[in-house]
Structure formats: structure tokens, C-alpha cells
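# Understanding the architecture of this molecule
Single-letter residue listing:
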Amino acid sequence: MSVMKSNNYGSCQIPGQEDASHAARDRRRPANVSEIPGEKPHLVLVASSAAVLAVAVVLFVWHLRDNPPPLDGGRFMRTSHLAMSDPKAIAGTGGVAVVPDPNAYPRRPFITRHERNVTLPVLGFPSVALAQFSEPSQQPLADEAVRHAVEDLQISYFDVAPEYGDGIAQERLGPALEPYRERVFLAAKTMYRDAGGSQADLENTLRSLRTDRLDLYQFHSISTERDVEEILGEGGAMETFQKALAEGKIGAIGFSAHSEPMAVRMIESGLVDTCMFPINFAAYNYGGVGEKVLQAAIKRQVGVIALKAGARGRLTPANGNAAQVPEAFHHIPEWKRQEMIHYPVMTSPTHGTWYEPEDDPDELNKLILWSLNRPGVTAVLPPGSLRLLDGLAELLRGKESVPEFGEADERHMRKRYADIVPIFHNRSVSGTKVST
């Protein structure tokens, strides 16, 4: 499968660039203070001592910035000029800013069954984007991407799966997220439908993510009746999930799906707390996908994460690259590999996503706002491209509520996407097989 090698993080800086800029600035100074014309010898000594002291102070401050002392009983906390500007982020923390700020984005009810009241910020981090860092030597790039998301963008909801890069995304996310783990909502998934396979997958995910608990664990990419029957049947993955819930290894049970009938079946089972589903403008209006899921979720008090909200439509051989299917996977079941062979996957040449994302910033904002304005939607996971994350954060960060989506925008989008082939549709089983 082709992967992106972009280092573009919006406003974040690649490790090493900052040190290089300081070195360049140092090279512009005189090599020795005594080389300055007219300098007195005794002043040279004083100036040299002052320079050494100044350098020591600067190095000490930089050390503290990158290695802050443990606060709040040893719990990792880190100040940020963005978080410090928000009194809500400081209240109740002894004057120390919490990063990420839990109130940086509008929050909505998410897990509400059985009298629970778990809320979630409306924007999550698409950890699938970390799969582009396929080599262990690229861990610093993943670290910086996550640091930028948490500290600069104040994002506190992360979602990942072993299927993203065949284990690469979660392997990169684990070390990068470890310093912030206690202050973020972490969700993961499994494509294994049986109890044994899903149990092994869960343990591997916990190990890769360097945690002993997931806030949410989800059945991944449900598309067929067989998926539902195997999960809910005897010896199915639901047994693993319920056992893990009782043991405290997971905080809630959810699923992602691309088939509306199968999503409704899972919701109506009464066994799930959350649902991830494509709530996408073109799929909803021109593919007939999404409305029934939202209706069922509202009725059953199931929280909904909108997938593919930022997608224009389906990739074709004319505008996408064919993904290469390997002879075997390490973290993906064989049935999924066969599915990828029989329903070929295309990837975006620009973003590496398995669909065509909207990369016009204004139009992408409209798509995201449309999805967030659907009744029943809690949050969105943006396109799996780090290039697009900063603009969406700017759209939503600091707002008390999600901006409204007007009728004029609705008319504009109906015209803009009238000829788009929806990424998902209900006309055939192939309409559920575009992306994971």
C-alpha cells in the first residue's frame, strides 16, 4: 500500500529544525569577544563570563521546557501559552494549566447508556495518519505530530486501529501519546470477529499503546450479516469485549460500520454504547446512507462519531493509486486481505487516504460543520491527513458550541457535490467496501 512521506504539520516544527536555526544564528556572531575592535582586556574577561552565564541560563530553561518536573503528585502536566490563556484550563489545578485543555472544543454527550455521562470534544485526532511513518527511525516525526495535536491544537480524543498500516499507526501512537495518556480519551478497534482473535488483538493493542486501559474498544468495519452474527454469536468477539469491560480493561463497547442495515442491527442489539459511521454529505444525500443510523442511535442512546465527514467521494483509477495487497498481514485477518483483493482499494496520491478528501479549506469546513449539525452526532474524525488538521482545529477551537450550518451553505453543497460518486451507498455490498 502506498504511504505518504509528507512532513507538513501546519504550524508544528520538525525535530531538529529549531536547533539548526540556533546554530545558524550562533555562526553569525564573532568567534571570540576579543576580536571586537577597541575592546579592553579586562572588559573581554567580564564579557566572556557574562556570555557563558547567559548561555547556561538559556540551556537550563530549554531543558526545563523539554523535561518539565512532575507536578500534581507525579502526574505529567505541561504548561502552554495557549492553555494558559484559558482560565477554564487552569481552574482546579493549583494554577498549572492542563494540557490538553478539556474545554478547548465544544463537548457533547457520548456514552450515556446505563445512566453514564461521558462527554467528548467534537474533534478527534485521525491516528491513521501516523501509518505513513513506517520506519522506527521516524518515531520522532510521530512524536512531534502528536505533541502538536495535544499541546498546540489542544486535541484530547484519539482513535486508532491495528489495521492502520498493519500495526504501524498504533506502534507510533503509543510512545508519542504516553506523556499525555491520563488526559486524553483513547479509542481503538479490532477486525477479529471471534473471541480468541479479538482477545489476542486487544492485548497487542494495549501493549503497543503502552497503556493498561482503553476508554473505548470497537468492532472495526462491520459490513455484512456474517460480521454481525459472528460477533454476537457463541464464541464471538462480544464475549471478549464484555469480559474486558468487566475487568476494567476497556471503558465502553462500540463499533464502526459502513453498511447502514448492519449498523442498525448492532445498535438495536442493545449491547453497544457507541457507533462510528460515515455521516458524509454526498453519501447521505446521494447514496442514501446515514439517516437510519442516526435515528436508531438517538432512540437507543448510542453516541455517534461521524466518519469520512471530510470526504468528497470515491476514488477511481482516474484519480487514485491502486493499493498493493501483500501476501500476508501481521495484524489484519486474512478475510480482510481477501476483501481488499476482490474489492480493490484506491489511495489518494496527495493525502494517502482511501477516499478523496476535500482539500479546499473553506469547503472542508462546510463538510465538517454539516456533519456536526446532524442530530445525534457527537464528534467527527477528520480526514487521515496531517495537512488538514490545523484548519479544522481553528474552525472549532475556542467555541462554546458548534457553528450553525445555514440553508445557503446547504444549497451550495448540493450543487458542488451533485456529480460526485458517494464514497458509500446502499445499492450493493460494494458500497460498503471502499475504506476501513
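Structural data are supplied above this passage.
To start, this report covers the structure provided alongside it.

Conventions used here
- Residues numbered from 1 in each chain as written.
- Predicted model: local features only at pLDDT ≥ 70, side-chain atom pairs only at ≥ 80, totals over all residues.
- Heavy atoms only, no water.
- Buried < 20%, exposed > 50% of the residue type's maximum accessible area, 1.4 Å probe, protein only.
- Helix = DSSP H or I, 4+ residues; strand = E, 2+ residues; numbered from the N terminus.
- Contact = heavy atoms within 4.5 Å.
- Core = buried A, V, L, I, M, F, W, Y, C linked by side-chain atoms within 4.5 Å.
- Axes fitted to C-alpha atoms, helices over the stretch in contact; angles between N-to-C directions.
- Parallel < 35°, antiparallel > 145°, perpendicular 65-115°, else oblique.
- Left-handed = near helix turned anticlockwise from the far one by under 90°.
- Nonpolar A, V, L, I, M, F, W, Y, C, P; charged D, E, K, R; others polar.
- Phe/Tyr/Trp six-rings, centres within 6.5 Å; stacked < 30°, edge-to-face > 60°.

## Focus on helix H6 (residues 168–177)
Count 3.6 residues to each turn of an α-helix, and residues three or four apart come out pointing the same way. For H6, a buried count of eight out of ten residues is recorded, marking the element as mostly surrounded by other parts of the structure. For H6, every residue scored as buried is listed here: Ile 168, Ala 169, Gln 170, Arg 172, Leu 173, Gly 174, Ala 176 and Leu 177. Where the residues of H6 are buried, they touch helix H5 (139–152), strand S4 (157–159), strand S5 (185–190) and helix H7 (195–208).

## A few points about the nonpolar core
By size, the foremost hydrophobic cluster in this structure holds 88 residues, and its most contacted members are Phe 158, Phe 219 and Phe 255. Leaving out residues up to four positions away in the same chain, Phe 219 has contacts with Thr 190, Ile 231, Ala 237, Met 238, Phe 241, Ile 253, Gly 254, Phe 255, Ser 256 and Met 266.

## Considerations on the packing of H5 against H6
With their axes 9 Å apart at the nearest point, H5 and H6 run at an angle of 60° to one another. The angle between H5 and H6 falls in the class oblique. With respect to the hand of their crossing, H5 and H6 are arranged in right-handed fashion. Residues Gln 139, Ala 142, Asp 143, Val 146 and Val 150 of H5 form the contact with H6, whose own contacting residues are Glu 171, Arg 172, Leu 173, Pro 175, Ala 176 and Leu 177. Looking at the contact of H5 with H6, its residues break down into seven nonpolar, one polar and three charged.

## Quick word on the packing of aromatic side chains
For any pair of aromatic rings, the description consists of the separation of the ring centres together with the inter-plane angle of the planes. Enumeration according to the criterion identifies eight aromatic pairs in this entry. Consider the rings of Phe 110 and Phe 185, whose centres lie 6.0 Å apart with planes at 75°: the pair is edge-to-face. Of this pair, Phe 110 sits in strand S1 (residues 107–111) while Phe 185 sits in strand S5, and the two are 75 residues apart along the sequence. Taking the centre distance of 5.9 Å and the plane angle of 70° together, the rings of Tyr 157 and Phe 185 count as edge-to-face. Of this pair, Tyr 157 sits in strand S4 while Phe 185 sits in strand S5, placing them 28 residues apart in sequence. When its relative accessible area of 0% is taken as the criterion, Tyr 157 is described as buried. For Phe 185, a relative accessible area of 12% puts it in the buried group. By the ring-pair criterion, three or more aromatic residues cluster together here, those being Phe 281, Tyr 284, Trp 370 and Tyr 417.

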